[in-house]
Amino acid sequence: MKKGFIFDLDGVIVDTAKYHYLAWKKLANQLGFEFTEAQNELFKGVSRKRCLEILLEIGKREATQEEFDTWMIEKNVDYLTYIENMDASEILPDVPRILAYLKEKNIPIALGSASKNAQPILEKVGLLHYFDAIVDGNNVTKAKPDPEVFLLAAKQLDVNADNCVVFEDAVAGVEAANAANMISIGIGAAEVLSEADCNFTDFTEISNAFIQKLIEK
Ligand code: BG6
Ligand code: MG
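Everything quoted here is computed from the prediction, not taken from an experiment.

**Examining the packing of helix H5 (residues 95–104) against helix H9 (residues 208–216)**
Working step 1: Put simply, H5 and H9 touch, their axes get as near as 11 Å, and they point 45 degrees apart. In terms of orientation, H5 and H9 fall into the oblique class. Seen from above, H5 lies across H9 with right-handed handedness. Residues Arg 97, Ile 98, Tyr 101 and Leu 102 of H5 lie in contact with H9, whose contacting residues are Asn 208, Ile 211, Gln 212 and Ile 215.
Working step 2: Residue composition of the contact of H5 with H9, grouped by class: five nonpolar, two polar and one charged.

**Observations concerning the site of ligand 1**
Working step 1: Looking at ligand 1, there are 16 residues lining it, with Asp 10, Val 46, Ser 115, Lys 116 and Asn 117 nearest.
Working step 2: One of the side-chain nitrogen or oxygen atoms of Asp 10 is found 2.6 Å away from an oxygen atom of ligand 1.
Working step 3: In this structure, Asn 117 approaches ligand 1 through a side-chain N or O atom, which is 2.7 Å from an oxygen atom.
Working step 4: Taken by itself ligand 1 offers 390 Å² of open surface, and the protein chains cover 97% of this.
Working step 5: Counting atoms within 2 Å of the grid points, the majority share of ligand 1 lands in the largest pocket.
Working step 6: Taken together, the residues of the shell around ligand 1 sort by class into five nonpolar, six polar and five charged.

**Section: the layout of surface pockets**
Working step 1: Space inside the largest pocket adds up to approximately 570 Å³.
Working step 2: In terms of lining residues, the largest pocket is bounded by 30 residues, among which Val 46, Ser 47, Arg 48, Ala 114 and Ser 115 are the most central.
Working step 3: Counting only elements with at least two residues in the lining of the largest pocket, the list comes to helix H1 (17–30), helix H3 (48–58) and helix H4 (65–83).
Working step 4: Tallying contributions element by element places H1 first for the lining of the largest pocket, with four residues.
Working step 5: Grouping the amino acids of the lining of the largest pocket by side-chain chemistry returns eleven nonpolar, nine polar and ten charged.
Working step 6: When residues of the lining of the largest pocket are assigned to domains, at least three fall in each of domain 1 (4–14 + 88–216) and domain 2 (17–83).
Working step 7: Of the voids in this model, the second largest pocket is the one considered here, and its volume is about 350 Å³.
Working step 8: What lines the second largest pocket is a set of 21 residues, and nearest its centre among them are Glu 41, Lys 44, Asp 169, Ala 170 and Ile 187.

Definitions and limits used
Residue numbers restart at each chain and count upward from 1, following the sequence in its written direction. By the order in which they are written, chains take letters starting at A while ligands take numbers starting at 1. Per-residue local features are limited, in this predicted model, to residues with pLDDT of at least 70; the limit for side-chain atom pairs, both in listing and counting, is 80 or more; totals at the level of whole chains, interfaces and linings are taken over all residues. Excluding hydrogens and water, the side-chain figures rest on all heavy atoms present in the structure. For every element, the axis is a line fit to its C-alpha atoms; helices are fit only across the contacting stretch, and the angle between N-to-C directions ranges from 0 to 180 degrees. Think of it this way: any DSSP run of H or I at least four residues long counts as a helix, any run of E at least two long counts as a strand, and we number them from the N terminus. The scheme is simple: roughly parallel for angles under 35 degrees, roughly antiparallel for over 145, roughly perpendicular for 65 to 115, oblique for anything else. Crossing handedness is defined as follows: a turn of the near helix away from the far one that is anticlockwise and smaller than a right angle gives a left-handed crossing, while the clockwise case is right-handed. Should any heavy atoms of two residues lie within 4.5 Å, those residues are counted as being in contact. Residues are grouped as follows: Ala, Val, Leu, Ile, Met, Phe, Trp, Tyr, Cys and Pro are nonpolar; Asp, Glu, Lys and Arg are charged; every other residue, Gly included, is polar. What makes a residue near a molecule or strand is one non-hydrogen atom of that residue sitting within 4 Å of it. For the purposes of these results, a polar contact is taken to be a pair of N or O atoms within 3.5 Å, where, inside protein, one atom must be able to donate a hydrogen and its partner to accept one; residues adjacent in sequence count only when each atom of the pair is a side-chain atom. Only the protein chains shown count as cover for residues, with accessible areas throughout obtained via the Shrake-Rupley method and a probe of 1.4 Å. The definitions used throughout rest on a 1 Å grid laid over the protein atoms alone, on which a cavity is an enclosed set of points accommodating a 1.4 Å probe that cannot get out and a pocket is an open set flanked by protein within 12 Å on both sides along at least five of seven lines; lining residues are those having an atom within 4 Å of a point. For this analysis, a molecule is said to be in a pocket or cavity if more than half of its atoms are within 2 Å of the grid points defining it. Grid points are joined across faces, edges and corners, and a volume is the space filled by probe spheres set on the points. Marked domain ranges trace back to an automatic or database domain assignment.

Take a look at the structure:
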């Protein structure tokens, strides 16, 4: 049975969650309220628009449509300054080993991310060539936990959804993978990602033998 492997980007391939946090925090402070790292957990896997809605709920701020649009742009412009100088040193540990193993075994690989900045980030860190399909915030209409992003990735890989494996660091992402009937692998805190089929703190805990078992499953 042909298998497909789908990777989320932020928090799975690269540690960009910290940059998203800094950019949202800057906007919150500018609007006169605090935004904590704990609150930032709610933003993982969530679209930029939904993040701003949550931020405004946290700060109990109302916004006109014009303000909303301006703040979305401001946040992204700030975020882009952080990712501008990203390089391979910001790839999370052992991600290249897993990607190289899958490539060696001729397994199709896709990106399934909510970010509209996904492709330039993969280019900057030098991993773009591993991906046979890229599905990101520019291609989907429904955000995670809706399975659309992963179903579209499976389609682009020409693999049945139930033969796909998804790596995710966000609760919404694990829910999306489960809703797509895919094997969900949680990367991060197991107590947070308790809905995942398997949990690992990071890729250093995932052996090539484990990947091989997933391929043969
Ligand atoms: C997800 C992140 O991958 O992408 C979210 O986990 C982020 O925190 C979302 O809001 C959208 O990203 P971007 O780059 O389009 O603002
Ligand atoms: Mg993520």
